[in-house]
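Results of the structural survey
These are the residues of each chain, in order.
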Amino acid sequence: MSYFDLSGQVAIITGCSTGLGVQMAKALAKQGCNIACLARRQNLIDEVAKDLVDTYGVKAIGVACDITDTERVESAVDTVMKEFGRIDILINNAGTGAVAPAEQITDKQFEDEFKIDLMGTFKMAREVANKAMIPAGYGRIINIASMYGLVGNKIAPAAPYHAAKGGVVNL
């Protein structure tokens, strides 16, 4: 008996073009979960989706989405709902990280960090909750934060990242 059988469920994973997003997609697909890979670079998410289909036999699609753009978030969620008819899991993984001493961080770097790591996480959660999870009465949202959302880090100074992830922790 498998206690982690996700057959028939659907997960959206943001930041699913490289790194942790791809690894999370593989872990869920291995358990039978269908995957919507979201990221900005269509060619990369298409490769990830193809690999998931070929390796795990699940249904997977790549949906290009800039999570800082509300209209694109809405469109991406609509695409996933049209393709799968449901969304059971959202993994908000997309993020960035400007690493420099705080006195060298520009306003744009700070704002971009918040737009992606915090606002993008909120926009995705709000849209998936409203269009899929609340109507279904079921769903799981996993927001990827960081231990640096709880404490600062002098070794790798990244004040905007730490502040944005602190927001995600509290979201």
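Residues numbered from 1 in each chain as written. Predicted model: local features only at pLDDT ≥ 70, side-chain atom pairs only at ≥ 80, totals over all residues. Heavy atoms only, no water.

Let us now look at the pattern of salt bridges. Opposite charge on two side chains makes pairing possible when the charged atoms of those side chains draw close. By the definition in use, this model includes six salt bridges. Here D88 makes a salt bridge to R86, at a shortest N to O gap of 2.7 Å. Look at the salt bridges and you will find they share partners, linking D78, E127 and K131 into a network. (Salt bridge = Lys/Arg side-chain N within 4 Å of Asp/Glu carboxyl O.)

Quick reminder: α-helices carry 3.6 residues per turn. Residues three or four places apart thus point the same way. Over its 15 residues, helix α2 (residues 42-56) extends 21 Å from the first C-alpha to the last, a length consistent with the 21 Å expected when each residue adds 1.5 Å. All of the buried residues in α2 are I45, V48, A49 and L52. Along the long axis of α2, the arc covered by the buried residues comes to 95°, so they all point the same way. More than 90 degrees from the buried face of α2, the exposed residues found are E47, K50 and D54. Packed against the buried residues of α2 are α1 (19-30), β2 (34-39) and β3 (60-64). Directly after α2, the chain includes G57, whose backbone phi takes a positive value near 70°. (Helix = DSSP H or I, 4+ residues; strand = E, 2+ residues; numbered from the N terminus. Expected span 1.5 Å × (residues − 1). Buried < 20%, exposed > 50% of the residue type's maximum accessible area, 1.4 Å probe, protein only. Arc of directions from axis to C-beta. Contact = heavy atoms within 4.5 Å.)

So, about helix α3 (residues 70-84). Taking 1.5 Å of rise per residue, 15 residues should cover 21 Å, and α3 covers 21 Å from first to last C-alpha, within 8% of that figure. Those residues of α3 that are buried are in contact with β1 (10-14), β2, β3 and α4 (107-136). Measuring from the side-chain oxygen of the N-cap residue of α3 to the backbone nitrogen of E71 gives 3.0 Å; that N-cap residue is D69. At the exit of α3 stands G85, carrying a positive phi of roughly 80°. (Polar contact = N/O pair within 3.5 Å; in protein donor to acceptor, adjacent residues only side chain to side chain.)

As a further point, take the environment of V99. Relative to the helices and strands, V99 is located in the loop between β4 (89-92) and α4. Since its relative accessible area comes to 58%, V99 is described here as exposed. Note: C-alpha distance between V99 and D51 (48 residues apart in sequence) is 32 Å. Apart from residues lying up to four places away in sequence, V99 is in contact with A156, P157 and A158.

Moving on, we get to the pairing of strand β5 (residues 140-143). Examined bridge by bridge, β4 and β5 share four bridges and lie parallel to one another. Each bridged residue has a counterpart across the sheet, and for I89 the counterpart in β5 is R140. Since β4 and β5 lie parallel, the crossover through α4 that links them has a hand, and here it is right-handed. (Pairing = 2+ DSSP bridges. Right-handed = clockwise from strand over helix to strand, strands pointing away.)

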